[in-house]
Amino acid sequence: MRNFLVTLFLLILIVLFASLQSLWNGLIYFALSFLIVLSLYWIVIFIIQYINDYYKSFDEDFKLYCINIINSTKMTTNEVNNNIEELKKEFKKTLIRDKIIDIAKILVAVSIIAVCITGMVSI
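Quick look at the structure, then. Keep in mind that what you see is a predicted model, and the values were worked out from it rather than measured. (Residues numbered from 1 in each chain as written. Predicted model: local features only at pLDDT ≥ 70, side-chain atom pairs only at ≥ 80, totals over all residues. Heavy atoms only, no water.)

1. Examining the pattern of salt bridges
It is possible for side chains bearing opposite charge to pair when their charged atoms get close. With the rule as written, the count across this model stands at 2 salt bridges. Close ionic contact of Asp-98 with Arg-97 constitutes a salt bridge, the shortest N to O distance being 3.7 Å. Here Asp-98 falls in the partly exposed class, since its relative accessible area comes to 29%. Looking at Arg-97, the relative accessible area reads 59%, which means it is exposed. A salt bridge links Asp-102 to Lys-105; its shortest N-O distance comes to 3.7 Å. Of this pair, Asp-102 and Lys-105 both sit in helix α5 (residues 84-122), 3 residues apart, which is roughly one turn of the helix. Of the residues examined, Lys-105 reaches a relative accessible area of 36% and is grouped as partly exposed. (Salt bridge = Lys/Arg side-chain N within 4 Å of Asp/Glu carboxyl O. Buried < 20%, exposed > 50% of the residue type's maximum accessible area, 1.4 Å probe, protein only. Helix = DSSP H or I, 4+ residues; strand = E, 2+ residues; numbered from the N terminus.)

2. Thoughts on the packing of aromatic side chains
For the structure on display, the rule yields 11 aromatic pairs. Between Lys-88 and the ring centre of Phe-62, over which it is positioned, the NZ or CZ distance is 5.8 Å. (Phe/Tyr/Trp six-rings, centres within 6.5 Å; stacked < 30°, edge-to-face > 60°. Lys NZ or Arg CZ within 6 Å of the ring centre and 35° of its normal.)

3. Re the environment of Asn-71
Residue position: Asn-71 is located in helix α3 (residues 58-72). For Asn-71, a relative accessible area of 63% corresponds to the exposed category. Along the chain, Asn-71 and Thr-94 lie 23 residues apart, while their C-alpha atoms are 18 Å from each other.

4. A few points about the nonpolar core
In terms of nonpolar packing, the biggest core is built from 11 residues, these being Tyr-50, Tyr-54, Phe-58, Phe-62, Tyr-65, Cys-66, Ile-69, Val-80, Leu-87, Phe-91 and Leu-95. Examining the composition of this core, we find that 5 residues originate from one element, α3, more than from any other. By size, the runner-up hydrophobic cluster in this structure holds 8 residues, among which are Leu-13, Phe-17, Leu-27 and Ala-31. (Core = buried A, V, L, I, M, F, W, Y, C linked by side-chain atoms within 4.5 Å.)

5. Some words on the environment of Val-115
For Val-115, the location among the structural elements is in helix α5. Sequence separation of Val-115 and Ile-28 is 87 residues, and the distance between their C-alpha atoms is 14 Å.

6. A few points about the side chain of Thr-7
Following the sequence through the fold, Thr-7 ends up in helix α1 (residues 2-19). Other than its neighbours up to four places away in sequence, Thr-7 contacts Leu-38 and Trp-42. (Contact = heavy atoms within 4.5 Å.)

7. Here's the deal with a negative patch on the surface
Together, Asp-53, Asp-59, Glu-60 and Asp-61 give the surface a local cluster of negative charge. With 3 residues, the top contributor of residues to the negative patch is α3. Tracing the sequence through the fold places Asp-59 in helix α3. (Patch = residues over 30% accessible without salt bridge, like charges linked within 9 Å, V, L, I, M, F, W, Y side chains within 5 Å. Areas by Shrake-Rupley, 256 points an atom, 1.4 Å probe, with all protein chains shown as cover. Lys, Arg positive; Asp, Glu negative; His and termini not counted. Charge placed at Lys NZ, Arg CZ, Asp CG, Glu CD.)

Structure representation (structure tokens):
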């Protein structure tokens, strides 16, 4: 809910200053500045989510993965415990696609900041 409210507030400010640009051209700098703040906010949120998803909750997610393997295949708990390293490698491979998507989100926010800074310099 907090993310939604912060994003909505910043978007309202961006639209307000961009629409008031006809009164004074300098207001576009405020709109671009708030867009940079919005992008920085989401970069921080995405990084925190990335750390929580792939580092802090890795063990819990791996346990669920092992339980799913035991339930869906004919492997026993002893076989899973004996092949724990191989299963960790397989689990990490399943996370690669999700990691790439999360890193892409961060890179999009960084590129928005770069475009805004370039736009501020060229105006």
